[in-house]
Structure formats: structure tokens, C-alpha cells
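Inside the fold
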Amino acid sequence: MPGKLKVKIVAGRHLPVMDRASDLTDAFVEVKFGNTTFKTDVYLKSLNPQWNSEWFKFEVDDEDLQDEPLQITVLDHDTYSANDAIGKVYIDIDPLLYSEAATVISGWFPIYDTIHGIRGEINVVVKVDLFNDLNRFRQSSCGVKFFCTTSIPKCYRAVIIHGFVEELVVNEDPEYQWIDRIRTPRASNEARQRLISLMSGELQRKIGLKVLEMRGNAVVGYLQCFDLEGESGLVVRAIGTACTLDKLSSPAAFLPACNSPSKEMKESPLVHPPSHGCRSTHNSPIHTATGSRLTQNFSVSVPTLIYTGMGSGSAGKEGGPFKALLRQQTQSALEQREFPFFTLTAFPPGFLVHVGGVVSARSVKLLDRIHNPAFVGIMGNTRSYKLLDWNSFNSDEPETRDAWWAEIRQEIKSHAKALGCHAVVGYSESTSICEEVCILSASGTAAVLNPRFLQDGTVEGCLEQRLEENLPAGCGFCHIPYDELNMPFPAHLTYCYNCRKQKVPDVLFTTIDLPMDAAVIGKGCLIQARLCRLKKKAQAEANATAISNLLPFMEYEVHTQLMNKLKLKGMNALFGLRIQISVGENMLMGLASATGVYLAALPTPGGIQIAGKTPNDGSYEQHISHMQKKINDTIAKNKELYEINPPEICEEIIGSPIPEPRQRSRLLRSQSESSDEVTELDLSHGKKDAFVLEIDDTDAMEDVHSLLTDVPPPSGFYSCNTEIMPGINNWTSEIQMFTSVRVIRLSSLNLTNQALNKNFNDLCENLLKSLYFKLRSMIPCCLCHVNFTVSLPEDELIQVTVTAVAITFDKNQALQTTKTHAEKSLQRASTDNEELLQFPLELCSDSLPSHPFPPAKEHLESASSNSGIPAAQRDKCSSWIELIKLKAQTIRRGSIKTTVTVEKASPVGEGNFRNRSAPPCANSTVGVVRMTPLSFIPGAKITKYLGIINMFFIRETTSLREEGGVSGFLHAFIAEVFAMVRAHVAALGGNAVVSYIMKQCVFMENPNKNQAQCLINVSGDAVVFVRESELEVVSTQQPAATCQPSCTGGEVTT
Amino acid sequence: MTSELDIFVGNTTLIDEDVYRLWLDGYSVSDAVALRVRSGILEQTGATAAVLQSDTMDHYRTFQMLERLLHAPPKLLHQLIFQIPPSRQALLIERYYAFDEAFVREVLGKKLSKGTKKDLDDISTKTGITLKSCRRQFDNFKRVFKVVEEMRGSLVDNIQQHFLLSDRLARDYAAIVFFANNRFETGKKKLQYLSFGDFAFCAELMIQNWTLGAVGEAPTDPDPQADDMDMDLDKEFLQDLKELKVLVADKDLLDLHKSLVCTALRGKLGVFSEMEANFKNLSRGLVNVAAKLTHNKDVRDLFVDLVEKFVEPCRSDHWPLNDVRLFLNQYSASVHSLDGFRHQALWDRYMGTLRGCLLRLCHD
């Protein structure tokens, strides 16, 4: 018995009325873990029962502890008929299983019912006593920590980064069992929720085992997804990066893993010539699987792309023995692994050496029908879900899925190799399913890594010493990793504009976050490419073939759009690129989001030129030149807007080549190559200085138009889909995470691609506009980690879901971003270790949280008054004296502000509000829990990670109209999901969720039947954070601490 | 292309004060959008009408979801679904329970019953307040009434505890509840000149002095059958008021009283002669009002009587307010010098309150 789980049911509140006659409820609670169930007494006639139960004790294997959720069911006792369920709470006890995380789960949990939503709350206390188990062959992996965060979590240090771990489990979807015909949808949905909870537990345990095998102790960048394959089952799969992490003793002493960022950076001199753009191999696009069991298994491997920079230019041969040596070393470290993939998007300094470009692979599969009902009988018993692991019944299932993914990963790996890289970072996988067709996608960034983190080895000592010498900070990662003479694709190389020693491509696409030390000019911005393609309705193979034929064109066009928009912004690199292709009955959707930036190391992007097809027409020429002017104006305007003013550099080194008139794009549009042969999809777009758009047909015309219709965000707003916005580093502490969902119905039946594109484009643009409008009170602010997902739930429906966080920043400091680059990159590098940021942040954080919705005016005022002085002085305060002065100011400000806080405390009162018997608002407030998709909380330090939050909910209704239609239904549901996440975090003792992500939001409606259903899957890391202002105040100034109660535990007072 | 579904959910619930006001005022989404457009918000923000529409819908939906909680404000504080900073919660509650002067004047003193609710259409037409807003305000009154009706202890405290209102608003509600419970007539034409504030002022004085709770009997008398402490007038006190009749019935006492008052005020009043001439009428009026209060019907007509018997005579003689004050002070004080009068305490309890009320009622 390696573990004892103890549960105590304390009380309930706000229960629904279950007995109409008395308007009361006779509630009791069932506590279930595994096969054991305990019950509390019935608490008669109360909506706020006080059970105060004994400790229910479950003695269980730690394997079960990992797999099983604790199930708490609240019921209404009924003497004459069956007891009515009020609702349930699932508690994942995983956070209690590792030593550093939470020790107890205790708090109010919303009682959730799939039909009625949240129905009151229940107060539960959960503890686990773990006994040490020395059994080597154990099946559990207790103690392995999981993080959703895709970087090394703050307050940990990476000792070794082991690499890729993946696992998937398959089961039958209870929704599609025959028993579903006789049981209620509610029972069916509850079975689903329970099953998925169980499957994620199991998956996590299995991944944990793999980590232990690799001798790691943690998984970072853990991403778990569900594939609802309908009749063919339910797949839960996860990927992550195994690491060995060390806890930093004091969070205040947090430092980057390595003392000097430059130290570990090594130069990998290049020996090969350039190429460009995207490469895509179109391997025999259809190969029907012929395995003995895979009768139905249909698989299409579609062309895959490698996005990188492009360019041409003189090759400089250099490099040396080190390169070879290093490469060898890294390679050996990586080659031990099947897949040298990393799900991380941000890295310890020195980890990332070079970035090759984006690699992606897609494959179209036909889902197998399952021949079931054989084992449905066992489903009645909950325990049986475990047995249902497909291995034991339908043996090829998980293997099939594994094989599919292995195939794709293999492809990714070979693409990376082609780019001269041994590793893929920022790696992610996704699926899109429509009926029986499934598109599997994987993408990442090919990279060369420093072997130092990859193994315990101490080999590198001397090597590094010598390598570091000529290493410039902030541009190393841009240098091409591939061979200059043997480029994987035509590219356009120049000498690095930063160090002048190495070659760089002229454009760089990546899926990772902007490295901390990257030298950037100006600000970044969100860039999206949006695309729809109609497709005929078809069945099975025909459908899959049609899709796989469309995919390369979509990839190509998405890439073209991205490139055009990037140039239009006057930028030269994309970070956080995420391309999503969704499949529907009669169309395909492509949505690519990325954050554009101007990397100082890369050459200035050339403009966009428009060329007409029919040259001798005067009015046409005029039109063209008019368009050209408009484009040039836009570029100029964008440069101003994003403050892109790179230093003038004499161009003597770079021979700028004459634009080549060849237009690949035209070629491609008209081509109808047989998809059976292997094709190389060359996505080169021409040369640096001449990015020519030829408007020879309406299609291209439309492209140009859409290029110009993207409206920049209103002033005061910035947006990006990465963790931090390049060029802004003076965040204040006000954050607002949100989810917005829109569904549009396409009106006409005879839709064209163009109309479709326009609809989709408008949908996204309008959504963004709405966001800007809604968040206008936060100006100046930045939408970070903007995450768009698109899906096609039905024939004519397009659903777009956006999750992002708005963070305010200090305008005054933003104004002075035109400092020298060196200084700037220094600042940016320090956002993480926070030394420099501390002042501005603490100045604002004590006033802002107390009124998170200040009217814009007031906010602006306070922002400017808070920081006016420090903003001006910040960079100057080099001496200790000045620092002390500044600190004194801070404290004074702190106390002044306190009076404001106190006033605000009784905003409605006329004075004696508080003197009255019960100060109404004071006693009762629910603790505030912050949520953010970022891995950090501005102005605060994360002191503890409490464990992963991974929750799955289903909500259904049979009274859609009564609940306010689809919008009312989903609005309420998402609010409930947030509430449940917050409650779980609070129960763990946390005050925030970082790296929060809504992985799935599947919405289905049937308005005729007045029904709707929605599935939501969210995850994140529960953490405890402390405001920096508090840390500071507590350590330096005791009196000041007493007057800043507003921030305690992240709570908002007043 | 039509938007089927369009929602925005923040981890911290976004609340737009302007939209909240429009919602409270009972405007439909389209009216609210039109009003917002007129406010010039589109020009300020560069947004489009569609954006505004979507934003307004979102807020309206949020408010509808919040409304259920606002019916029992402590629930708003404890609920987990909407993360709202406490200052915002207070604002939501306060605004939700705020009412229109015009509306409250129509309903004040009426029974908060279904019948009255049916008349809301007329009130809406008359006041120009939307029917929806009227309903909300009416339901608020009724809800507060229902909750505190059976409760012991201070009315204002009870309201504040169960509805988390500001002191000011809780006092107003206490007045509304008090008026509704005692059904004071306030709608008569001759009372139209009085504001809600006037009545609320009187209500407070009456609650403080004329109810059971005012005497402080509560702790010693835990009889559950006892009248509601602050809501009902002290029956015994009303009975006793009959004793005051002697002041006007006994001619000697009346003359003595008059001469005491006149002596004291001679030369101090601008309207001395009018006062002297009217003294007996006024005194009779005030004392008769007191003596009649045993009948429910007369209790209801209290304000009508006061205006008829005192305010109007003063007004027709153009008494300045200061003279009224001097007169009333002297009028109440002089009774202490009447040796034959034994109900000094009763007189003070009656007149002390009445004096305050009358002063408040004397204006145009």
C-alpha cells in the first residue's frame, strides 16, 4: 500500500433547491476513489449543509493515485425514489504526489453538473500520505513534475534537458456506444468526463515512467490533447520535454542557468551556400497501407514545408575545426534519441545556437471504424475503463496512431536534417478531424543546440572557452546552420548585420519565442495569414485525396501571405509561427499566426513591387502605380508605427542582386501536376529587393487588396502571439486574460473561394477590433499570446476561438525605447531576472491592482504620475546613491497611495458605511486568482509551482433558448470553466494559473431541437506568486508593508 | 454571413459602467446601441457599429447572468463564477438598487402587491421611465420588503446586512419599506410638492421615535409575536396619544398654552398676528391628528392631515420657515409649563418627531 488518500467533506453552500415542497435540500455526499465509495450522513433540509465528515481513508497503489481522479458526488436524499444527483466535483490529486508542490487541497469547489452547470459549492479537504516504494519495477511515476510552461519554469534550473517524450492512449468514446441509445445524454457525458479524466491520469503516469527511464525528474512544455474521433474512439495523446530540474533555493536569487549568456554560445561557422524559402517534399502522396490488419487504413502523406529565410548572395567560406567537432558532439548527444524534439519555445541562455527555419509535416489519414460492441458490457463498471485500454482488445489501435505520428515525426526529423540541424525546437502536434478524415500536423523549428544541456557530460569545457571569443550577443541564433554550398533550398544570404562575420538569411521564420538576448529594432506585431479553400464533398478515400491535393496549395498561399504581410510591416522575422489547417465537410481553412519583428542581424526587407501583366494599357498602368504607391505608403507608415528605424549601414558588403523576373507563384497557380510523383514545392518568391506581386488575375488582385485591408490596431494597442512583445518591457501589473468565441454562418450556397476568404478575413479582423474596443480602458496595453483557433463544426459554420491576455504597460517608458540597441537588449534580457524592471513595476503595482478597471483617463494619469520620475531616471541611475533616492521615493509613493486605497475601500459609502454593524464587502471576498497564457506574471515573482491543471468539461442543454441562445449558453459555460479552474488553483493554495491554454472548445448545436453541447479542455500550471513590490517592501520597509494590504496573495482589496 | 455566436469572457468580468446604466434604465440592446452611438463613442474609439452592437450584447448578457445574484447581494460576494473586484461588486449592487425619484414618488406608501405591479405601465407612461426599469425598481422594493419584513432589529441595519447597500441607500430603503408597511398616503395632489427626500426624512424620524424598536423594549421582550420592531408604529403609543386631546378640549389649557406661546414669541415673529389669530386652529389640528392615529385609516392620511391642518394654513399666511421653526419650538416647549398637563413625555415623543417632520414639509 504505497499511499493513503484522506478526504474530508466539510460543508456545502448555495445548493440548489431540490425539494420544491420545502424549498430545501436533503444533501449528502458520495466520495469515490477507484472502487471504494464512502458516504456522508444526510444533512436534512438545508441549502448550506455542514457535514463535517470524518476523514475518509482510501488505501491505494500510487499507480491508482496517478490515474484516478477523486470523484465527489453531491446528492439529494429521497426516501421514496432514487436519490437525485446535484452535481460532481473531480479532483486531480496529482499535485499532492510530488514533494515540492501542494501538501493539501482544501477549499470550495463548484459542484458541476453537465446539464445545470455550477450548482453551489462544496468544501473539501484532501491529503495524501505516500510511503516510499523502492520497487524498481513499479508502474507509477510519482514525483515527476509536469509543467505546461514551454520554458524552464522560473525558480528552477535546468540541469539536463533530456528531450522528447510522447505517449498516447486510445479508448472507445462512451458517446458512441450502443448503450447511449438507452441512457440519457447526461449519463453519457458524465461517463465521458470520467473516462477522459482517467485517461489523462494514465497518460501522465506513462509519460512520467518514460521520464524516469531517461533519468529526468520533470516534464516541461507538457501538451496533452484529445482527438474526438467519433465512432472510431477517443485518443488522448501528449508530448513534452523531459528535463532534470533543480529547484533554486531562493526565488529572489534567481539567475539564468548559466552565468554568462555568451559563454555557451558557440559559433558554428558555415560552410555552405544559401537557398531560400520553403521546401516541400511531396512524397508519394497516397499510399494505401497494406498491413494485414490495417485493411481500412488509408494514409496520405502530404507535402511538407520548410520555411526559412531566403536570399542569394556571395558565399563566404570560413569556419573551422570547431564546427565539425561541435556538431559531432551535439549530434552524438541527439542521435541517441529517436526524435531530437523539444516542446520548449524559450531556452536557457546558450542553449539555442542556430535556428534553421520552420519545419512542418502533415498527413491525411482515414479513421478506422471500430468493430465494437464486444466489451460494452464491462463498461457498466467504472473500473473497467482501465481494462479497456485498446491494447488488450483491439490490438492495433494505439499502434496505428503511434505509427501515424512516428511517420510524421520522422519526416520532421529529416527536414531538420536537410536544414543542417540536429534538433527541432518549439515542436508541437495537432489534428483536425472531420467525419472519418483526420489531418495530422506537426511543426517546429529546426535548430542547432548546445550539447551542454543535453547530457551530463563535461566534455565541452575547453571547446567552449575557445568558441566564445568571437561570439556576438544577440545574433548568433540567426546565423545559418546549414551548409552554404549545399543549401537545402535556394536562399539569399548576407553577412550578419550585427557581427558581420557570419551568414544570415534575409528572412527567418520560427515557431519559438523571441530569444531573450536577440537584438531587435522597434516593436513587433501580430501577423496573420488567413485562407479558405472550397472542396467537394466526398467520401473516404476520395475525400482524403482531395484534401491532400489541396494542402500543398494552401501551405504555399499561407506562406505567400505571411511573407507579403511581413514585408508590408517592414519586418524580417516571424516568431511563434503556428499554422493551423482545419478540415470541414466542404472546405479547408488555413490560419497562420505569428509575431513579426525586425531582427537587427538580418537585412532590411525589400519592398513589395507590383507588376502588371498587360503592360501597354495606360489606365491599367495607372492603377498599378496607384496600388504601388499605396503599398509603399503602408510600409512607410508601418515602419513608423512599429518604430523600425535600423541604423544606416553602408551596403558595401552585400551585392544586392538584380531581381529575377521569374515568378514561381504564377507557375504554381496554374500547375496541375500529377500528385503521384514526388514534387518539390519550391516556395521561393524571388529576391530580396524585389518581392514582386504580379496581378495578372483577380486572385492576385484580391491578395493585394487583402494585404491592404488589414487594419493596424488602434493607437495604444499592440498585439503579438509570443510570450513577450519585442520592444515593450515595462509591463505594469494589470492583466486581463480572456476567451472570445465567434461562430458565423456562411450565407449562400454557391460560395466562391474569394467570398469565403473575405468572410473569414472579416471574421478575424472584426474579432480583433472587438477585442481592442472591449479592452480600451487598459490602454496602453498589449495583447500577448494571442491564440486563434479555427474550426468548422458544421457545413456552413466557421468557429474562431481566441484566448489571449491583455497587459498594460507604462507609456512613459515605452516612449524612450529608442535607446541604443545594446541597452535595450540588456533590458530585455533582464525581464527574466527582473533586476532592472523592479522599480517601474513596483511603482505601479501597488496602485493598479486595487482598481483593475480604471477609466482610461484616470489610469493614464496614475500611470504617468507613478512613473514620471523613475522613467526619466531609470537609465541614468547608475550609482548607488541614485538608487537609494529612488527607493526612498518609492516608499513615499507607497504610503501616499495607501490613502487612495483606503478611500477606495468604501467606494459607495458616505462615511459610516464601515461603522455599521456589518461592513458588507470586507469579510467575504473570494480570493482572486489570476489566469494568463504567459509563463510569467508581470510585476510578480512566481515562488512555487503547485502542479498541473488539466480539466475537461462537457456542458449540454435541452433548453437552449431559455438559456439565452447559443451565446448565452457558451458564455455561461466558459465563465464556469474559468471559475472551476480558479477554484482548483485556490484549493491548491495558489493565486494564479500560468501557461493557461484552452486546448479545445468543441461546440455543437441543434437549434431545431433547442439543444446544444460543448466540450472544453483547458490546462495550465497552478502557481503561487508574490508581487515584487511586496518582496521589496517586506524586506526593506516594515511600516510600508502594513499599508499595502491590497496586494496580499494577489487579492484586490477595496 | 451572419454571426451565430459571439461572446467574450474575461477572467476578470468586464463591466462597462455606461452600458450598465443603459441596461438598468431598461433600454433594449438596439436602443442602447443607438444611445451609445449618439454619445460619440465611435468617433472616440474608431470602432464600428457592429463592434458596438457585439460589445453591448456581451455586456447585456453578463448583466442578465449577474441579475440573479444581484437579487441576493451576499451571493454576489461569495459566488465563484464571476471574478469581480470588490469595488466593482459594490458598484453593481448600489446601482442595481438605486431608484428614480419620479418612480419612487409614484409607489411610495402603496402596497407592494401584484395590483400595484399591474399599474406599472401607467407609471412608466407617466414618468417616462421604461417599464423594464420600473419593474426592476418595484421588484427591488418588494424584495427588500419581503426580506426584512419578518426581521427583528434595526431596519437600516437589516437592509444593509442583507443587501450590502451603502448607508444612504439603506436609509432610503428603510423609508420605502416603512411607508409601504404603514401605507401612508403620498399620492394626493396636495402632497405632490413633496419629494421623496422629504418623506424619507420623516420616515427616519418616525422610525427613530414612534416605533416599538425606538423605545428599546426589544432586548427585554423576546416575544416573537411582538410587532416588527422598526416597521410598525408603537400601538400603545398611538393609543396614549388620545390623552393629548385635553390640550385642545380643555379651554383653559388651550388659552394658557396660547398665551405662553404668544408671550414668548411676541416681537420675534414676522407673522405674529397671523399666528395669534390662528393659534387655536393650528393647535387643534396638530392635537387632533395625534388623537386620530389609533385608526389605521387616519394613520395612512397622516401626511395629508399634516399638510391640510398645518402646512397649508402657514403657507396661505406666508410664514417664513424660520417663523415656523420658532413657533413649533415654542409651541412644544410651552407645554412643559402647563401645570395641569400630565403627559409631558408622551407630548415630547409626539411633538419632537412631528416638529421635525413639519419643518421639512414646509416648503413650496
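Residues numbered from 1 in each chain as written. Chains lettered and ligands numbered in written order. Predicted model: local features only at pLDDT ≥ 70, side-chain atom pairs only at ≥ 80, totals over all residues. Heavy atoms only, no water.

The name recorded for chain B in an unreviewed UniProt entry is Acidic fibroblast growth factor intracellular-binding protein isoform X3, from Balaenoptera musculus.

Rule in force here: UniProt positions are given in the numbering used here, feature names are shortened, and annotations may be inferred rather than shown by experiment.
An unreviewed UniProt entry lists chain A under the name C2 domain-containing protein 5, from Lipotes vexillifer. Here is the UniProt Function (unreviewed entry) comment for chain A, exactly as written: "Required for insulin-stimulated glucose transport and glucose transporter SLC2A4/GLUT4 translocation from intracellular glucose storage vesicle (GSV) to the plasma membrane (PM) in adipocytes. Binds phospholipid membranes in a calcium-dependent manner and is necessary for the optimal membrane fusion between SLC2A4/GLUT4 GSV and the PM."

**Details of the overall build of chain B**
We apply this condition: We count a stretch as a helix when DSSP gives it H or I for four or more residues in a row; a strand needs E for two or more, and each element gets its number in order from the N terminus. Think of it in three bands: residues with accessible area under 20% of the maximum for their type are buried, residues over 50% are exposed, and the middle band is partly exposed, with areas taken using a 1.4 Å probe on protein chains only. The contact criterion used is simple: two residues touch if any of their non-hydrogen atoms lie within 4.5 Å. Here, Shrake-Rupley sampling with a 1.4 Å probe gives the accessible areas, and only protein chains in the shown set may cover a residue. Neither His nor the chain termini are counted; the positive set is Lys and Arg, and the negative set is Asp and Glu. Where a charge lies is defined by one atom per residue type, namely NZ (Lys), CZ (Arg), CG (Asp) and CD (Glu).
Looking only at helices and strands, one finds 22 helices and one strand in chain B. Seen through its principal axes, chain B has C-alpha atoms that stretch 90 × 50 × 35 Å. Counting every position in chain B, which comprises 364 residues, the buried fraction comes to 54%. Put simply, 70% of the contacts in chain B that link residues at least 6 apart link residues at least 24 apart. Surface accessibility of chain B: about 15,200 Å² in total, with carbon and sulfur atoms responsible for 50%. Considering chain B, the positive charge centre built from 47 side chains and the negative charge centre built from 53 side chains are found 3 Å apart.

**Looking at the domain arrangement of chain A**
Residue and element names in this part refer to chain A. Note the following rule: Segmentation into domains, and thus their bounds, comes from an automatic or database assignment. Reported buried area values correspond to the accessible surface (1.4 Å probe) lost by two parts on association, with both partners' losses combined. Put simply, a salt bridge is a Lys or Arg side-chain nitrogen that is within 4 Å of an Asp or Glu carboxyl oxygen. Any pair of N or O atoms that falls within 3.5 Å is considered a polar contact. Within protein, one atom must be able to donate a hydrogen and the other to accept it, and sequence-neighbouring residues count only if both atoms are side-chain atoms. Ten residue types, Ala, Val, Leu, Ile, Met, Phe, Trp, Tyr, Cys and Pro, are classed as nonpolar, four, Asp, Glu, Lys and Arg, as charged, and the remainder, Gly among them, as polar.
With domains assigned, chain A is organised as domain 1 (1-131), domain 2 (144-249) and domain 3 (338-368 + 401-456 + 474-643 + 689-812). Domain 2 puts 24 residues into the contact, and the matching count from domain 3 is 25 residues. With both sides pooled, the region where domain 2 packs onto domain 3 buries about 2,100 Å², and carbon together with sulfur makes up 58% of that total. Between domain 2 and domain 3 we count two salt bridges in total. The shortest N-O distance in the salt bridge between Glu166 and Arg409 comes to 3.3 Å. Seen at the junction of domain 2 and domain 3, the total is 10 residue pairs in polar contact (both at pLDDT 80 or more). Mapped by element, the contributors of at least two residues to the side of domain 2 that touches domain 3 are strand 10 (156-171), strand 11 (218-228) and strand 12 (234-247). Here the side of domain 2 that touches domain 3 takes nine residues from strand 10, the largest share from any one element. A breakdown of the residues in the side of domain 2 that touches domain 3 according to their chemical character gives 13 nonpolar, seven polar and four charged.

**Focus: empty space enclosed by the protein**
Residue and element names in this part refer to chain A. Note the cut-off: A cavity here means a set of 1 Å grid points, computed over protein atoms only, where a 1.4 Å probe fits but cannot escape. A pocket is an open set with protein on both sides within 12 Å along at least 5 of 7 lines, and lining residues have an atom within 4 Å of a point. Grid points are joined across faces, edges and corners, and a volume is the space filled by probe spheres set on the points.
The final tally for this structure, using the stated rule, is 18 cavities of 30 Å³ or more. Empty space within the largest cavity amounts to approximately 440 Å³. Taken together, 29 residues form the lining of the largest cavity, with Tyr90, Asp92, Ser197, Asn950 and Met951 sitting closest to its centre. Elements with a minimum of two residues in the lining of the largest cavity: helix 1 (62-67), strand 6 (84-91), strand 7 (104-113), helix 2 (185-213), strand 33 (940-957) and helix 20 (965-987). Class assignment of the residues belonging to the lining of the largest cavity gives a composition of 17 nonpolar, eight polar and four charged. Both domain 1 (1-131) and domain 2 (144-249) contribute no fewer than three residues apiece to the lining of the largest cavity.

**Overview of helix 1 (residues 17-24) of chain B**
Residue and element names in this part refer to chain B. For helix 1, the set of buried residues is Val19, Tyr20, Leu22, Trp23 and Leu24. The elements touched by buried residues of helix 1 are helix 2 (29-38), helix 4 (49-70), helix 6 (86-97) and helix 10 (131-149). Structurally, the start of helix 1 carries an N-cap: the backbone nitrogen of Asp18 is 2.9 Å from a side-chain oxygen of Asp16. Where helix 1 terminates, the next one or two residues include Gly26, which has phi positive at roughly 85°.

**Examining the pairing of strand 33 of chain A**
All names here are of chain A. Counted only if it meets this: In this description, strands pair whenever DSSP reports at least two bridges between them.
Where burial is concerned, most of strand 33 is hidden: 16 out of the 18 residues are buried. As defined by bridge partners, strand 33 adjoins strand 35 (residues 1011-1027) across 16 bridges and the pair is classed as antiparallel. Within strand 35, the residue paired with Ile942 across the bridge is Phe1025.

**Some thoughts on the interface of chain B and chain A**
The interface of chain B with chain A comprises 55 residues on the first partner and 66 residues on the second. Buried area between chain B and chain A, summed over both chains or domains, comes out near 5,500 Å², and the portion from carbon and sulfur atoms is 62%. At the boundary of chain B and chain A, one finds five salt bridges. In this assembly, chain B and chain A are joined by 22 residue pairs in polar contact (both at pLDDT 80 or more).

**A word on the sheet that holds strand 24 (residues 587-599) of chain A**
Residues and elements named next belong to chain A. Put simply, the rule reads: Here an axis means a line fitted to C-alpha atoms, over the contact stretch when the element is a helix, while the angle between two N-to-C directions is reported on a 0 to 180 degree scale.
If you trace the four strands from one edge of the open sheet to the other, you get 21-23-24-22, paired in mixed fashion. With one partner strand each, in any of the chains shown, strand 21 (508-509) and strand 22 (520-534) form the two edges of the open sheet. Lying over the sheet, helix 10 (residues 540-568) contacts strand 21, strand 22, strand 23 (573-583) and strand 24, oriented at roughly 150° with respect to strand 22.

**Quick word on unusual backbone geometry**
Residue and element names in this part refer to chain A. The amide bond that connects Ile779 to the next residue, Pro780, takes the cis arrangement and shows omega of 0°. Topologically, Pro780 is positioned in the loop between helix 14 (753-774) and strand 30 (781-791). At Asn52, a position not held by glycine, the phi torsion is positive, near 45°. Of note, Asn52 is situated in the loop between strand 3 (36-39) and strand 4 (56-60). Its identity as a non-glycine residue notwithstanding, His785 has a phi of 55°, on the positive side.

**Looking at the domain arrangement of chain B**
For an interface, size is often stated in terms of accessible area lost upon the parts coming together. All names here are of chain B. One can read the domain layout of chain B as domain 1 (15-78), domain 2 (99-208) and domain 3 (234-360). A C-alpha centroid distance of 29 Å is found between domain 2 and domain 3. Roughly 1,500 Å² is buried in total at the junction of domain 2 and domain 3, and carbon and sulfur atoms are behind 68% of that figure. Summed over the shared surface of domain 2 and domain 3, the number is two salt bridges. Between Arg360 and Asp198 there is a salt bridge, and its shortest N-O distance comes to 2.8 Å. Between the two partners, domain 2 and domain 3, sit four residue pairs in polar contact (both at pLDDT 80 or more). Listed by contribution, the elements that provide at least two residues to the side of domain 2 that touches domain 3 are helix 12 (167-182) and helix 13 (196-210). Residues belonging to the side of domain 2 that touches domain 3 are distributed by class as follows: 10 nonpolar, two polar and five charged.

**Describing the state of the cysteines**
All names here are of chain A. The cut-off we apply is this: To count as a disulfide, a pair of cysteine sulfur atoms needs to be within 2.5 Å.
In the structure shown here, the tally under the stated rule is zero disulfides over all chains. Looking at Cys438, it has no disulfide partner, and the nearest cysteine sulfur is the one in Cys434, 11 Å off. With no disulfide partner, Cys525 has as its closest neighbouring cysteine sulfur the one in Cys720, 9.5 Å distant. Since its relative accessible area comes to 3%, Cys525 is described here as buried.

**Observations regarding the packing of helix 13 of chain B against helix 22 (residues 344-361) of chain B**
All names here are of chain B. Put simply, the rule is: Working rule for angles: under 35 degrees goes down as roughly parallel, over 145 as roughly antiparallel, 65 to 115 as roughly perpendicular, anything else as oblique.
Where helix 13 contacts helix 22, the two axes come as close as 9 Å, and the packing angle between them is 175°. By the angle between their axes, helix 13 is roughly antiparallel relative to helix 22. Across from Gly197, Asp198, Phe201, Cys202, Leu205, Met206, Asn209 and Trp210 in helix 13, the residues of helix 22 making contact are Arg349, Tyr350, Thr353, Leu354, Gly356, Cys357, Arg360 and Leu361. Looking at the contact of helix 13 with helix 22 residue by residue, the class counts come to nine nonpolar, four polar and three charged.

**Some remarks on the packing of aromatic side chains**
Short version of the rule: Working definition: a ring pair exists when centres of Phe, Tyr or Trp rings (six-membered ring for Trp) sit within 6.5 Å. Plane angles under 30 degrees give stacked, over 60 give edge-to-face, the rest tilted. The criterion for a charge sitting over a ring is simple: Lys NZ or Arg CZ within 6 Å of the ring centre, and within 35 degrees of the ring normal.
Applying the stated criterion to the full structure yields 50 aromatic pairs over all chains. Residues Phe179(B) and Phe303(B) carry aromatic rings whose centres are separated by 5.4 Å and whose planes lie at 25° to one another, so their mutual orientation is stacked. Taken together, the positions of Phe179(B) in helix 12 and Phe303(B) in helix 20 (residues 302-316) put the pair 124 residues apart, joining distant regions of the chain. Assessed through its relative accessible area of 0%, Phe303(B) is described here as buried. Here a set of aromatic residues connected by ring pairs shows up, and it is made of Tyr20(B), Trp23(B), Phe63(B), Tyr96(B), Tyr97(B), Phe99(B), Phe103(B), Phe141(B), Phe163(B), Tyr173(B) and Phe196(B). The lysine or arginine in question, Lys503(A), covers the ring of Tyr495(A), its NZ or CZ lying 4.7 Å from the ring centre.

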